[in-house]
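Next come the chains, spelled out residue by residue.
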Amino acid sequence: MSPSAPEARPRPGVSARKIASLALPALVVLAAEPLYVLVDTAVVGHLGPVPLAAVAVSGSVMSVAAWLGTLMSYGTTGRAARRFGAGDRAAAVAEGVQASWLALGVGVLVALLAQPLAGPLARALSGDPEVAGAAAGWLRIAALGAPGLLLAAAGNGWMRGVQDTRRPLIFVLGANVLSAILCPVLVYPVGWGLTGSAVANVVAQTISGCFFLYALVRETKQLRPNPQIILLQLRLGRDLLIRGGAFQACFLSATAVASRFGVASVGAHQIGLQLWFFSALALDAVAIAAQSLVGAALGGGSAEEATAVARKVTIAGGLSGIAVALLVAAGAGSIPGWFTPDEGVHAQAAIIWPWFIGLMPFAGVVYALDGVLIGAGDVRFLRNITLAAALLGFLPAIWIAYFFDLGLGGVWAGLALLILIRFATTVWRWRSGRWAVTGAAL
């Protein structure tokens, strides 16, 4: 039976248990990196408001590398899942080989560019010279972990495509637990301060990347770069890149605006933003399962199965968002204190909290449907709605907040517009069914 005629192969339905078997290990993998960042933020926060603000600024820049990794992971998952669903595991793994070559090249480039650009970027994003200097030093070191970070992303992508979530769990969790232990040791007993935080980041990312590279070498002997496949991956990644660029413009601009409201504001914004990223990636666990299962179903010719998966993960995403909102509401009085004892930061964090809680249920649905549409290869639509939400919602709102001195409430009102526009448009797309196109290739 050829992959071009997968509709002739009967496929079993996808149960909630199957979704959970992929989502739960993915949850740990997704949560490991932001959880480590939260630990890092808490450790650095006790050094004082300036180091905390420095991590906020430099962390926003390093999020560009994490964004590139997400693009690589998601694009690889969709392509590998279609091949796997069509019964061709070797072709699915080949997608991982080429994605890893691409990851290594981009990671080295990021590490090199960070050395001369760290200072100018930190000064552009910070309104305080002391914060800018500390942020630049942290960034130059932390950027050395970019190759490992992107190799791990590529590895996660192809393993999710072949529905292997156990090994990524071991690789990512092991590396991040090691560095979570290493971070406070380097910062305090060793006495490296902010530099120790950056070194611990590099250790986690490099170890994780090496684990995934080792797994790939054991899986296949066909390790040469294939420019044709890399080019196809880049074409698919183009729309994800533009979409991700819109997100980066939003969050970098938000940090820049928050910095103009003072050190306490940017510190509180860092806490809120890192909690948001942590919650978002945790909620994305069902989206990861959707990417794999939707891609495999469509690759195997079953639009009905893909539609059933979409319905189940949308419900799961909404319920998960409500659960996260309730947890955050319960911790409103104590969570900011985990990161810093500064009362000024606590007061600014109180402004963020209602926005965070109110948006999270909508975000849960949005992230689940993102997974469905990425798994289906419907990334052009996602690109367009993200650009619209950024240009018509988020960016105007936060710059209005700056010009009219509306503080962090104005910044987070922009985030609300970003989420609500995406919510309305992705729900419409899901209900239309236009995304469910079958076939082994994207």
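Keep in mind the model is a prediction, meaning the values are calculated, not measured.

Attention shifts here to the packing of helix α2 (residues 49-85) against helix α4 (residues 129-142). Two elements in contact, α2 and α4, have axes whose closest approach is 8 Å; the angle formed by their N-to-C orientations is 50°. The orientation of α2 relative to α4 falls into the category oblique. When the axes of α2 and α4 are compared, the crossing they make is right-handed. On the side of α2, the interface is formed by Val50, Ala53, Ala54, Val55, Val57, Ser58, Gly59, Val61 and Met62, while α4 contributes Glu130, Val131, Ala134, Ala135, Trp138, Leu139 and Ala142. Residue classes in the contact of α2 with α4 are distributed as 13 nonpolar, two polar and one charged.

Okay, the pattern of salt bridges next. Pairing is possible between side chains of opposite charge, provided their charged atoms come close. The full count for this structure, using the stated rule, is eight salt bridges. Glu95 is the partner of Arg79 in a salt bridge, and the nearest nitrogen-oxygen pair spans 2.8 Å. Note that Arg79 is positioned in helix α2 and Glu95 in helix α3 (residues 89-125), a separation of 16 residues in sequence. Considered together, Arg79 and Glu95 belong to a single accessibility category, that of buried residues. What emerges from the salt-bridge pattern is a single network uniting Arg89, Asp164, Arg167 and Glu219.

Attention shifts here to the nonpolar core. The biggest cluster of nonpolar side chains holds 44 residues, and the ones touching the most others in it are Leu275, Trp276, Met360, Tyr367, Phe394 and Leu415. Where this core is concerned, the elements lending two or more residues are α1 (16-45), α8 (227-260), α9 (263-299), α10 (303-330), α11 (335-339), α12 (343-375), α13 (379-403) and α14 (407-432). With 10 residues, the top contributor of residues to this core is α12. Here Leu415 is in contact with Phe251, Trp276, Leu359 and Phe394, once residues within four sequence places are set aside. Ranked by size, the runner-up nonpolar core spans 42 residues in total, among them Leu68, Tyr74, Ile288 and Val309.

Moving on to the confidence of the model for the protein chain. Overall, the predicted model of the protein chain reaches an average pLDDT of 86, with 96% of residues at or above 70. Long-range and interchain partners of residues 1-11, a stretch whose pLDDT sits below 50, account for 19 contacts in this model, where long-range means more than four residues apart.

Next up on the list: the packing of aromatic side chains. According to the stated counting rule, one finds 11 aromatic pairs in the structure shown. Relative to Phe356, the ring of Trp353 has its centre 6.2 Å away and its plane inclined at 25°; by these criteria the two rings are stacked. Separated by three residues within a single helix, Trp353 and Phe356 lie in helix α12, roughly one turn from each other. Note on accessibility: Trp353 and Phe356 belong to one class, buried. Its end group placed over the ring of Phe381, Arg429 keeps NZ or CZ at 4.6 Å from the ring centre.

Thresholds, definitions, all that
- Residues numbered from 1 in each chain as written.
- Predicted model: local features only at pLDDT ≥ 70, side-chain atom pairs only at ≥ 80, totals over all residues.
- Heavy atoms only, no water.
- Axes fitted to C-alpha atoms, helices over the stretch in contact; angles between N-to-C directions.
- Helix = DSSP H or I, 4+ residues; strand = E, 2+ residues; numbered from the N terminus.
- Parallel < 35°, antiparallel > 145°, perpendicular 65-115°, else oblique.
- Left-handed = near helix turned anticlockwise from the far one by under 90°.
- Contact = heavy atoms within 4.5 Å.
- Nonpolar A, V, L, I, M, F, W, Y, C, P; charged D, E, K, R; others polar.
- Salt bridge = Lys/Arg side-chain N within 4 Å of Asp/Glu carboxyl O.
- Buried < 20%, exposed > 50% of the residue type's maximum accessible area, 1.4 Å probe, protein only.
- Core = buried A, V, L, I, M, F, W, Y, C linked by side-chain atoms within 4.5 Å.
- pLDDT = per-residue confidence, 0-100.
- Phe/Tyr/Trp six-rings, centres within 6.5 Å; stacked < 30°, edge-to-face > 60°.
- Lys NZ or Arg CZ within 6 Å of the ring centre and 35° of its normal.

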